[in-house]
Amino acid sequence: MARIVRKKPFIRKRPCQFCLSKSPVTYVDYKNEEVLSKLVNLQGKILSSRITGTCAKHQRAVSLAIKRARFVAILPYLGTVKREKKVQEVKEEAKKVESVQSTNN
Ligand SMILES: [Zn+2]
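Conventions we followed
- Residues numbered from 1 in each chain as written.
- Predicted model: local features only at pLDDT ≥ 70, side-chain atom pairs only at ≥ 80, totals over all residues.
- Helix = DSSP H or I, 4+ residues; strand = E, 2+ residues; numbered from the N terminus.
- Buried ≥ 20, exposed ≤ 12 C-beta atoms within 10 Å, placed from the backbone.
- Contact = placed C-beta atoms within 7 Å.
- Expected span 1.5 Å × (residues − 1).
- Arc of directions from axis to C-beta.
- Core = buried A, V, L, I, M, F, W, Y, C linked by C-beta atoms within 7 Å.
- pLDDT = per-residue confidence, 0-100.

Caption draft 1: Structural detail: the overall build of the chain. Looking only at helices and strands, the chain features 5 helices and 0 strands. Seen in sequence order, the chain has helices and strands lined up from the N terminus as α-α-α-α-α. In the chain, buried positions account for 11% of the 105 residues. Pairs at least 24 apart in sequence give 71% of the contacts found in the chain among residues at least 6 apart.

Caption draft 2: Looking closely at the environment of Lys13. Residue position: Lys13 is located in the segment before α1 (17-20). On the basis of neighbour counts, which here come to 8 C-beta atoms within 10 Å, the residue Lys13 falls in the exposed class.

Caption draft 3: Looking closely at helix α4 (residues 56-71). Helix length check: α4 (16 residues) gives 23 Å between terminal C-alpha atoms against 22 Å at 1.5 Å per residue, within 8%. Where α4 is concerned, the buried positions are His58, Gln59, Val62, Ala65, Ile66 and Ala69. Viewed along the axis of α4, the buried residues span an arc of 125°, placing them on a single side of the element. What points out from α4, more than 90 degrees from its buried face, is the exposed set Ala56 and Phe71. The elements touched by buried residues of α4 are α1, α2 (33-36) and α3 (49-52). Of the residues flanking the end of α4, it is Ala73, one or two places downstream, whose phi is positive at about 65°.

Caption draft 4: Looking closely at the nonpolar core. By size, the foremost hydrophobic cluster in this structure holds 9 residues: Val28, Tyr30, Leu36, Leu39, Val62, Ala65, Ile66, Ala69 and Leu75. For this core, the element with the highest residue contribution is α4, accounting for 4 residues.

Caption draft 5: Structural context of the confidence of the model for the chain. Across the chain, pLDDT averages 83, with 89% of residues at or above 70. Ranking the helices and strands of the chain by mean pLDDT puts α4 first, with 94, and helix α5 (residues 87-104) last, with 72.

Caption draft 6: Inspection of unusual backbone geometry at higher detail. Positive phi, close to 65°, is recorded for Ala73, a residue that is not glycine. Within the secondary structure, Ala73 is located in the loop between α4 and α5.

Caption draft 7: Structural detail: the environment of Ser63. Considering the arrangement of structural elements, one finds Ser63 in helix α4. Remark: the alpha-carbon pair of Ser63 and Ile46, spanning 17 residues in sequence, is separated by 7.0 Å.

Here's what the structure looks like:
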């Protein structure tokens, strides 16, 4: 009987976001909350390179940066990570501020 050989499904490897940039990143800044908050899940855990596509070299730099960011209270050790405000919320806040300013004058 012929053996059935199943093909492995083709999964494209995600490119490393730090290697892709024009000037290759050698140091991941711990103060850059915008980048780091995308590399942790909502519970504040560091996402694996398998999920984010970060290469081994940059994953090491990222984990160090996240740990530093936690120490200086930029990122939480646990609990929900703040995500950027939605555009609508920001607009509503701007409207509120405008209305307060108009009532004061
Ligand atoms: Zn890389």
